[in-house]
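Next come the chains, spelled out residue by residue.
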Amino acid sequence: MSTTPTHTTTQIYRTSTLQPTAVLNTGIFGTVVGSTAAMGMNLHKVRDKEMTLGEATADSLAKGAGAGIAAAVATAAVQSLGGSRLTNWTVLLATATGVGYAINTLGRKKTTDND
C-alpha cells in the first residue's frame, strides 16, 4: 500500500445542447406567425386601396421569413449558451431583436437603392 498522494484531474466536457429540429421548427413557427401578423396589417392597406392583394401577400411572406430567421437564430443562440431562465429569455429577446433589426435595415437599404 502506497502512501504517496495521487493527483487526479477532473475533465469537464460540455456537450452541445443544440437541437437542429427544434431550431427548424421554431423558424417555421416564426415564419407562420410573422406572415399572418403582417398579412393582418396589410389587409387593412388592401381594403384602403393602398396596396394590391399580391403586394400584401409578397410583403407578408417577406416579413414572415424575417421573423422565422430571427426566431431560429435566437433559439440556436439560447441552446448554445445555456444558462438560467432569465439569461435564456434575455438572450432570446436580444438575439431576435438584433437579427430582426439587421434584416429590416438590409430591406430598407435595398428598397432605397431601387428608388
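1. A few points about unusual backbone geometry
Right, so step 1: Phi is positive for Lys49, close to 60°, though the residue is something other than glycine.
Right, so step 2: Secondary-structure assignment places Lys49 in the loop between α1 (20–47) and α2 (53–81).

2. Some words on the confidence of the model for the chain
Right, so step 1: In this model, the chain carries an average pLDDT of 87, and 80% of its residues clear a pLDDT of 70 or more.
Right, so step 2: Element-level pLDDT for the chain is lowest in helix α3 (residues 85–114), with a mean of 86, against a maximum mean of 96 in α1.

3. Considering a nonpolar patch on the surface
Right, so step 1: A contiguous nonpolar surface patch, about 280 Å² in accessible area, is contributed by Leu24, Ile28 and Val32.
Right, so step 2: Inspection of the secondary structure assignment puts Ile28 in helix α1.

4. Details of the environment of Thr95
Right, so step 1: Among the secondary structure elements, Thr95 is positioned in helix α3.
Right, so step 2: Expressed as a C-alpha distance, the spacing of Thr95 and Ala77, which sit 18 residues apart in the sequence, is 7.4 Å.
Right, so step 3: Once residues lying within four places of it in the same chain are set aside, the contact partners of Thr95 are Val73, Ala74 and Ala77.
Right, so step 4: There is a polar contact of 2.8 Å between the side chain of Thr95 and the backbone oxygen of Val91.

Basis of the calculations
Residues numbered from 1 in each chain as written. Predicted model: local features only at pLDDT ≥ 70, side-chain atom pairs only at ≥ 80, totals over all residues. Heavy atoms only, no water. Helix = DSSP H or I, 4+ residues; strand = E, 2+ residues; numbered from the N terminus. pLDDT = per-residue confidence, 0-100. Patch = residues over 30% accessible without salt bridge, like charges linked within 9 Å, V, L, I, M, F, W, Y side chains within 5 Å. Areas by Shrake-Rupley, 256 points an atom, 1.4 Å probe, with all protein chains shown as cover. Salt bridge = Lys/Arg side-chain N within 4 Å of Asp/Glu carboxyl O. Contact = heavy atoms within 4.5 Å. Polar contact = N/O pair within 3.5 Å; in protein donor to acceptor, adjacent residues only side chain to side chain.

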